[in-house]
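# Structural description and commentary
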Amino acid sequence: AIAAGTELVDEMTYYASMIDPVSGCASAVRLAITVTLSNGTTPTTNSDAQTFCAVDMPTVADIQVNETGVIWYTAATGGTQILDTATLVNGMTYYAGITDGSGCESSVRLAVTVTVDSGETPTTDDVTQNFCAVDMPTVADIQVNETGVTWYDAATGGNVVDAATALVSGATYYASVQSIAGCESLIRLAVTVTVDEGVTPTTTNTTQDFCGADMPTIADIQVSPVGTIFYTTMTGGSSLDASTALIDGMTYYAAYVNAAGCESIDRLAITVNVNDGITPTTTDTTQDFCVGDMPTVAD
């Protein structure tokens, strides 16, 4: 007799006998039953060590297998079933089984170890950076210690900001960089920028008059504050030396460099008039006088 708890053997024929409850006799003819044990099918994969990017929020469903209908577990045998929507855990091994046509699940499960790459967060020497508006700063001017940084307008998700985009004062920009495995930073670097427009000089008169005989120069233009510099153009150009002689009818543009070292983005325009006065006339540029008349300049 074989105990009921005895493990079945594949392709073995077992014979069943029954005791008649009335006579107490065992079956003279036993029932023959041949058993076939199915091991099920072990799922397959192209790689039993798979890498995922944390920024993509990978789940168990993202593990690559060559079959459909795979069931995932926490152990090679037994264990707890894992939902396809479960978030992958870095360094964890997942075990896959599948049910074959006979309804048998894999006796040997496929083991896949996953790496979830969080990428690297870029670094900077200063998370609050100041720029001068007159320099027309762009996203490319933000200081970071890595190359190949991608900028976004949000800490997660959001839109990519082109490096040529003009900086906006008070805005925060978020930097990501790709790891060797090609994974972007899960945690982005946040940098807040200030764009300083400087101080536009002021004057009590934007049209100023000077006497040519006084040999007026740039330094004579009335403007505030002290230390203002002048240009001949509204933007760009080269600054003029304070000793430069004023030109009649010319417009000069004043800018000021503040304590932060930023020059005015808006320049003050001042037009100057240099009056040469009226030259006297005479009927004779060579005049003769008698000494006896005691002539004077008034003569």
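For the structure itself, look to the data block above.
Below: a short report on this structure.

Conventions used here
Per-chain numbering applies: the sequence of each chain, read as written, is numbered from 1 onward. The predicted nature of this model means local features are confined to residues of pLDDT at least 70 and side-chain atom pairs, given and counted, to a pLDDT of 80 or more, with totals for whole chains, interfaces and linings taken over all residues. Computation of side-chain values: all heavy atoms of the structure, hydrogens and water removed. By the convention used here, strands pair only if DSSP detects at least 2 bridges between them. Helix and strand assignments follow DSSP, with helices taken as H or I runs no shorter than four residues and strands as E runs no shorter than two, numbered in order from the N terminus. Buriedness of a pocket was judged along seven lines, with at least five required to meet protein on both sides within 12 Å; pockets are open sets of points on a 1 Å grid over the protein atoms alone, cavities are sets where a 1.4 Å probe fits but cannot get out, and lining residues have an atom within 4 Å of a point. Grid points are joined across faces, edges and corners, and a volume is the space filled by probe spheres set on the points. Just so you know the grouping, Ala, Val, Leu, Ile, Met, Phe, Trp, Tyr, Cys and Pro go in nonpolar, Asp, Glu, Lys and Arg go in charged, and all remaining residues, Gly too, go in polar. The salt bridge criterion pairs a side-chain nitrogen of Lys or Arg with a carboxyl oxygen of Asp or Glu, the two atoms within 4 Å. The cut-offs for exposure are 20% and 50% of the maximum accessible area for each residue type, with area from a 1.4 Å probe on protein chains only; residues under the lower value are buried, those over the upper are exposed, and the others partly exposed.

## Points about the sheet that holds strand β3 (residues 49-53)
Sheet architecture is open: 5 strands sit in the order β3-β7-β6-β4-β5, paired in mixed fashion. The open sheet is flanked by β3 and β5 (81-82), the only strands paired with a single partner. Bridge count between strand β4 (residues 71-73) and strand β6 (residues 93-97): 3 bridges; the pairing is antiparallel. Its bridge partner lying in β6, I71 is registered against G97.

## Side note on the layout of surface pockets
In this structure, the largest pocket spans a volume of roughly 300 Å³. Every residue along the wall of the largest pocket is listed here: A1, I2, A3, A4, T6, L8, M12, T13, Y14, Y15, S17 and R30. Split by residue class, the lining of the largest pocket holds 8 nonpolar, 3 polar and 1 charged.

## Details of the pattern of salt bridges
Tallied over the entire structure, the rule returns 1 salt bridge. For the salt bridge of R267 with E263, the shortest nitrogen-to-oxygen distance reads 3.7 Å. Like R267, the residue E263 is buried in the burial classification.

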